[in-house]
Amino acid sequence: MPRVLIIEDDRAVRDGVRLALRRQGHEVAAAATGEEGLELLRSFRPDAVVLDLMLPGMTGLEVCRRIRAHDQVPIIMATARGDDTDIVVGLESGADDYVVKPVRARVLDARIRAVLRRAGTTDDPGASRVEHHGDLVIDRAGLTVTHLGQPVALGPSELRLLLTLSASAGQVFSRQQLLEAVWEHNYHGDARLVDACVKRLRAKIGEPAGSPHYVHTVRGFGYRFGPR
């Protein structure tokens, strides 16, 4: 049974989401503040977090950053506004996905299950277990990545994105193709998920600003993995 932590200050929304997710088969804990949510994160040890962006006191963005400082648990950000700036900032802070409130229970359940599949992602069993790409080493069977010999802590979306791109090095993927392969979305407006995740991935694998070694932008289309 997936364990989900809800961090939401609106009691009616919090109780409604908690009840709906329980009906969908999730074990749920809920917090009204960021501080309480961080405490529950340690004791409840959820498989996924649904995090309200607009929390009082410690904001959802700060909560997201604090979680990402030590934990790669999947985070789905909930925002009352579909404002692009808010969403992009939240994604760049480390969220794996987002939903706009009011959230339909089935939509949220589908997003949670999708992000959990990414967290437990596996690759082609016939593929080489370990790939060396310069200073970057990808272990597809062990689902680990190292750069310059040091382990790289990747969130589920970042790892799945890297596995998808590197499995077909040299192939150009559109944002829409990556959105469907990694996030299981089919709405083209969510392409910002791809761009934000690429930005986080590049930072974690040591890509120099403006001159990436591994994940290259194909202007006007999407991304590809491999040497120039």
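A few points on the structure.

Along the protein chain, the regular secondary structure elements total eight helices and 12 strands. For 228 residues, the compact-globule estimate of 2.2 N^0.38 gives 17 Å, and the C-alpha radius of gyration of the protein chain, at 18 Å, lies within 12% of that figure. Along the longest, intermediate and shortest principal axes, the C-alpha atoms of the protein chain span 50 × 35 × 30 Å. Counting every position in the protein chain, which comprises 228 residues, the buried fraction comes to 49%. Counting contacts in the protein chain only where the partners sit at least 6 residues apart, residues at least 24 apart contribute 56% of the total. Counting 31 positive and 30 negative side-chain charges, the protein chain places the centres of these two groups 1 Å from one another.

Moving on: the pattern of salt bridges. In this structure the tally under the stated criterion is 17 salt bridges. Its salt-bridge partner being R66, residue E62 comes within 2.9 Å of it at the nearest N-O pair. Here R66 and E62 lie together in helix α3 (residues 60–68), a separation of four residues that amounts to about one turn. Assessed through its relative accessible area of 27%, E62 is described here as partly exposed. One salt-bridge network, in which partners are shared between bridges, spans E8, D52 and K101.

Mapped onto the elements, R224 comes out in strand β12 (residues 222–225). For the buried R224, which has no salt bridge, the nearest side chain bearing the opposite charge is E207, at an N-O separation of 10 Å. Discounting residues that sit within four places of it in the chain, R224 has contacts with L165, G170, Q171, V172, Y214, V215, H216 and V218.

The end-to-end C-alpha separation of helix α8 (residues 191–204) is 20 Å, in line with the 20 Å expected for 14 residues at 1.5 Å each. For α8, the tally of buried residues reaches 10 of 14 residues, placing the bulk of the element in the interior. For α8, the set of buried residues is A191, R192, L193, V194, A196, C197, V198, R200, L201 and R202. Contact partners of the buried residues in α8: α4 (84–92), β5 (97–100), α6 (156–167), α7 (175–183), β11 (215–218) and β12. Phi turns positive one or two residues past the end of α8, at G206, with a value near 75 degrees.

Orientation of α6 relative to α7, taken along the N-to-C sense of each, is 120 degrees, at an axis distance of 9 Å. By the angle between their axes, α6 is oblique relative to α7. In this structure, α6 meets α7 at a crossing whose hand is right-handed. On α7, the residues touching S157, R160, L161, T164 and L165 of α6 are L178, A181, V182 and W183. Considered class by class, the residues forming the contact of α6 with α7 number six nonpolar, two polar and one charged.

Now for unusual backbone geometry. In this model, K101 is joined to P102 through a cis peptide bond whose omega is 0 degrees. Within the secondary structure, P102 sits in the loop between β5 and α5 (105–119). Here the phi dihedral of L143 falls at roughly 55 degrees; this positive angle occurs in a residue that is not glycine. As for its position among the elements, L143 is in the loop between β7 (136–139) and β8 (144–147).

Our next topic: the pairing of β7. Residues L136 and I138 of β7 are buried on one face, and the alternating residues V137 and D139, pointing to the opposite face, are buried as well. As judged from the four bridges shared by strand β6 (residues 130–133) and β7, these two strands associate in the antiparallel manner. Looking at the pairing, V130 lines up with D139 of β7. Relative to β8, β7 runs antiparallel, the two being bridged by four bridges. In the strand pairing of β8, L136 is matched with H147. Once β7 ends, the chain turns through four residues before running back antiparallel as β8, passing L143 with a positive phi of about 55 degrees.

Definitions and cut-offs
- One numbering rule holds for all chains: residues counted from 1, following each sequence as written.
- Totals for whole chains, interfaces and linings use all residues, but because this is a predicted model, local features are given only for residues with pLDDT of at least 70 and pairs of side-chain atoms are given and counted only at 80 or more.
- Side-chain measures here rest on the full set of heavy atoms in the structure, leaving out hydrogens and waters.
- Put simply, DSSP H or I for four residues or longer makes a helix, DSSP E for two residues or longer makes a strand, and each gets a number counted from the N terminus.
- Here the globule rule is a power law, 2.2 Å times the number of residues to the power 0.38, and the radius of gyration is based on C-alpha atoms.
- A 1.4 Å probe rolled over the protein chains alone gives each residue an accessible area, and that area as a share of the maximum for its type sets the label: buried under 20%, exposed over 50%, partly exposed in between.
- It only takes one pair of heavy atoms within 4.5 Å for two residues to be counted as in contact.
- Under this rule, positive means Lys or Arg and negative means Asp or Glu; His and the chain ends count for nothing.
- Positions of charges follow a simple convention, taking NZ of Lys, CZ of Arg, CG of Asp or CD of Glu.
- The rule for a salt bridge is simple: a side-chain nitrogen of Lys or Arg has to be within 4 Å of a carboxyl oxygen of Asp or Glu.
- The span expected for a helix works out to 1.5 Å for each residue beyond the first.
- Lines fitted to C-alpha atoms define the axes, with helix axes restricted to the stretch in contact, and inter-axis angles between N-to-C directions lie between 0 and 180 degrees.
- Angle categories: roughly parallel below 35 degrees, roughly antiparallel above 145, roughly perpendicular from 65 to 115, and oblique for all the rest.
- Here is the rule for handedness: rotate from the far helix to the near one, and if that takes an anticlockwise turn smaller than a right angle the crossing is left-handed, while a clockwise turn gives right-handed.
- Only Asp, Glu, Lys and Arg are considered charged, only Ala, Val, Leu, Ile, Met, Phe, Trp, Tyr, Cys and Pro nonpolar, and every remaining residue, Gly among them, polar.
- Strands qualify as paired when DSSP identifies two bridges or more between them.

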